[in-house]
Amino acid sequence: MKDFIYSYPTKVYFGEKAAAKALPDELQKVGKTVMLAYGGGSVKKSGVYDEICGYLKEAGKEIVDFAGIMPNPTYKKVQEGAALAKEKKVDFILAVGGGSVIDCCKIVAAQALTDKDIWEMEFKDHVFPAEYLPMGAIVTASGTGAEMNNGAVITNEDTDQKAGVLGAYASFAVLDPAYTMSLPARQVVSGAFDTLSHSMETYLGSPREITLSDEIAEAVMRNVIRNIRVLMLDMNDWEARSELMWASAMAENGILKIGKVTDFQAHQIEHQLGAYTDCNHGQGLAVIHPVLYRHMYKDGVKQFARMAEKVWEIPAEDKTPEELAVAGIDALADFIREIGLPSSFTEMGITDKSVLKKVADTCNLTAGCCKKLSREEVLEILEECW
Ligand code: NZQ
Ligand code: ZN
């Protein structure tokens, strides 16, 4: 096992009426001017916006509205938020939304306190921000687990990159399944698949021998698969929504990564696909995963075979490890079809095939899994995804 230090800065308030439990206390700890950040308006339709404004007013806060954070948030939007935070002298940022809103706010929190360009700092000078505006997160769409980490995935339209930028941790996160009930079914499922993807990409990293983190990951994966199937019968099943919401946080709060080098090759490819097509994150992952794994498993048969047995519950019987590994990948591909996620880029509505080469040429190549891919093989994978 790799050495590690573990501590967690985010206090989680989980369950029904979690905001009512969290905000009166948490808002007392922060300054007077609060930036209320949200997306394209779902929070207004659902009533969450009015409810949160109520808590802010009761706590005597001045509200600075920062609206319109788009899915796959852009660096321009980060700059808009940071300029607003500077102008209004914001003391605290409250992000209300899914991964996109929370991620955008993580970097606004950093950019608001420096005149240096955060993108240049991190990607050119490899220097990370030293201070952040404090922030909290209220989750309305689960799957990314963004509320429990300090990585933000931001699209830089000038450089055609969608990349992970290090930003602020939320000091607290509110996870009330009720806030996700208005989420369209497609987004519920693609979010839950994102959680499964995070768990797989962590599990298939190194060391290759099974660790405690891997055994916890197996439980998270089984849980996600089971609960997506429950939602296929009843999208409003409260218990399943709750389980998936916590599974989402568990997959990205560092616990599954303890002692591991993670892989995240599917994510690196999907993020660049997102940079060029603005596609839905969970859908892109659903297309890429099975194809990628058929290219990788021979170099990591033991791990893939174990995943087939422990996660997809395929009996080993008289199968060779290689046959078992393939059966697991088949089960993943079947599951993706069963839950209505796309199996090709064309099904996702991507029409410009020329982006594939650009994605292959620019995505990060990771080495956490059993195989480091060449750019030629990434292109092959992307073409097989078409
Ligand atoms: O903008 P609004 O109107 O709020 O609509 C959003 C958006 O259109 C809607 N929505 C959210 N909550 C809703 C709702 N609609 C109805 N009712 C609700 N309660 O859902 C749409 C998608 O929202 P978004 O935040 O984009 O989805 P998600 O949570 O999947 O986040 C995706 C982003 O997170 C990044 C992705 O790359 C992508 O940019 N990721 C962040 C990660 C992290 N920070 O740890 C890890 C992930 O791997 C991922 O890369
Ligand atoms: Zn993801």
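For the structure, see preceding data.
This report concerns the structure included in the present document. Quick caveat, the model's predicted, so the values are computed rather than measured.

### Quick word on the side chain of Lys371
(1) Moving on: Tracing the sequence through the fold places Lys371 in the loop between α14 (355–362) and α15 (375–385).
(2) Moving on: Among the polar contacts listed, one links the side chain of Lys371 to the backbone oxygen of His295, at a separation of 3.0 Å.
(3) Moving on: Not counting residues up to four positions away in its chain, the partners in contact with Lys371 are His295, Met296, Asp299, Thr366 and Glu377.

### Focus on the packing of helix α7 (residues 185–203) against helix α13 (residues 321–338)
(1) Moving on: Where α7 contacts α13, the two axes come as close as 13 Å, and the packing angle between them is 165°. For the element pair α7 / α13, the angle class is roughly antiparallel. In terms of crossing hand, the pair formed by α7 and α13 is left-handed. From α7, Phe193, Leu196 and Met200 reach across to α13, where they touch Leu332, Phe335 and Ile336.

### Comments concerning the sheet that holds strand β8 (residues 170–175)
(1) Moving on: Across the sheet, which stays open at both edges, the six strands sit in the order β1-β8-β5-β4-β2-β3 with parallel pairing between neighbours. The sheet is open, and its two edges are formed by β1 (11–14) and β3 (62–66), each paired on a single side. Recorded for the sheet is a direction-independent mean angle of 20° between the axes of neighbouring strands.
(2) Moving on: Pairing geometry for β1 and β8, over four bridges, is parallel. Within the sheet, the bridge partner assigned to Tyr13 lies in β8 and is Val174.
(3) Moving on: Relative to β1, helix α9 (residues 238–252) is tilted by about 170°, and along the sheet it contacts β1, β5 (135–139) and β8.

### Considerations on the packing of aromatic side chains
(1) Moving on: Summed over all chains, the structure comprises 10 aromatic pairs.
(2) Moving on: A centroid spacing of 6.0 Å and a plane angle of 15° characterise the contact between Phe92 and Phe172, whose relative ring orientation is stacked. Residue Phe92 is located in strand β4 (residues 92–97), and its partner Phe172 is located in strand β8; the two are separated by 80 residues in the primary sequence. The pair Phe92 / Phe172 is uniform in exposure class, with both members buried.
(3) Moving on: Here the basic side chain of Lys44 rests over the ring of Tyr49, its NZ or CZ set 4.6 Å away from the ring centre.

### Focus on the coordination of the zinc ion (ligand 2)
(1) Moving on: Of the protein atoms, only Asp194 (OD), His198 (NE2), His267 (NE2) and His281 (NE2) coordinate the zinc ion (ligand 2), at distances of 1.9 to 2.2 Å.
(2) Moving on: For the zinc ion (ligand 2), the donor residues sit on a single chain with the sequence spacing D-x3-H-x68-H-x13-H. Here the residue Asp194 occupies a position in helix α7, and His267 occupies one in helix α10 (residues 265–277), the gap between them amounting to 73 residues. The pair formed by Asp194 and His267 is uniform in burial state, with each residue classed as buried.

### Some words on the site of ligand 1
(1) Moving on: Neighbouring residues of ligand 1: 31 residues in total, closest Gly40, Ser42, Ser100, Lys162 and His198.
(2) Moving on: One of the side-chain N or O atoms of Asn149 is found 2.8 Å from an oxygen atom in ligand 1.
(3) Moving on: Contact with the protein chains removes 87% of the 960 Å² of surface that ligand 1 exposes when unbound.
(4) Moving on: Breaking the shell around ligand 1 down by element, the ones donating at least two residues are α5 (99–111), β6 (151–156), α7 and α10.
(5) Moving on: Per-element tally for the shell around ligand 1: the top contributor is α5, with four residues.
(6) Moving on: Broken down by class, the residue content of the shell around ligand 1 amounts to eight nonpolar, 18 polar and five charged.
(7) Moving on: Here the shell around ligand 1 spans two domains, and each of domain 1 (11–180) and domain 2 (185–385) adds at least three residues to it.

### What about the pattern of salt bridges?
(1) Moving on: Summed over all chains, the structure comprises 19 salt bridges.
(2) Moving on: A salt bridge links Arg306 to Glu218; its shortest N-O distance comes to 2.7 Å. Placement of Arg306 in helix α12 (residues 301–310) and of Glu218 in helix α8 (residues 212–233) is noted, with a sequence separation of 88 residues between them.
(3) Moving on: A salt bridge links Lys319 to Glu317, with the nearest nitrogen and oxygen atoms 3.7 Å apart.
(4) Moving on: Classification of Lys319 by relative accessible area gives partly exposed; the value is 28%.
(5) Moving on: Members of the salt-bridge network, linked through shared partners, are Lys76, Glu157 and Asp158.

### Some points on the state of the cysteines
(1) Moving on: In total, this model carries zero disulfides according to the counting rule given.
(2) Moving on: In this structure Cys104 is a free cysteine whose sulfur lies 5.6 Å from that of Cys105, the closest cysteine sulfur available.
(3) Moving on: Judged by relative accessible area, which is 0%, Cys104 ranks as buried.
(4) Moving on: Classification of Cys105 as buried rests on a relative accessible area of 0%.

### Side note on the environment of Phe66
(1) Moving on: With respect to the helices and strands, Phe66 occurs in strand β3.
(2) Moving on: What makes Phe66 buried here is its relative accessible area of 1%.
(3) Moving on: Residues Phe66 and Ala168, 102 residues apart in the sequence, show an inter-C-alpha distance of 17 Å.
(4) Moving on: Not counting residues up to four positions away in its chain, the partners in contact with Phe66 are Met35, Leu36, Ala37, Tyr38, Lys77, Glu80, Gly81, Leu84, Cys104 and Val108.

Criteria and thresholds
Residues numbered from 1 in each chain as written. Chains lettered and ligands numbered in written order. Predicted model: local features only at pLDDT ≥ 70, side-chain atom pairs only at ≥ 80, totals over all residues. Heavy atoms only, no water. Helix = DSSP H or I, 4+ residues; strand = E, 2+ residues; numbered from the N terminus. Polar contact = N/O pair within 3.5 Å; in protein donor to acceptor, adjacent residues only side chain to side chain. Contact = heavy atoms within 4.5 Å. Axes fitted to C-alpha atoms, helices over the stretch in contact; angles between N-to-C directions. Parallel < 35°, antiparallel > 145°, perpendicular 65-115°, else oblique. Left-handed = near helix turned anticlockwise from the far one by under 90°. Pairing = 2+ DSSP bridges. Phe/Tyr/Trp six-rings, centres within 6.5 Å; stacked < 30°, edge-to-face > 60°. Buried < 20%, exposed > 50% of the residue type's maximum accessible area, 1.4 Å probe, protein only. Lys NZ or Arg CZ within 6 Å of the ring centre and 35° of its normal. Donors = N, O, S within 2.8 Å, 3.2 Å for Na, K, Ca; no water. Near = heavy atom within 4 Å. Areas by Shrake-Rupley, 256 points an atom, 1.4 Å probe, with all protein chains shown as cover. Nonpolar A, V, L, I, M, F, W, Y, C, P; charged D, E, K, R; others polar. Domains from an automatic or database assignment. Salt bridge = Lys/Arg side-chain N within 4 Å of Asp/Glu carboxyl O. Disulfide = S-S within 2.5 Å.

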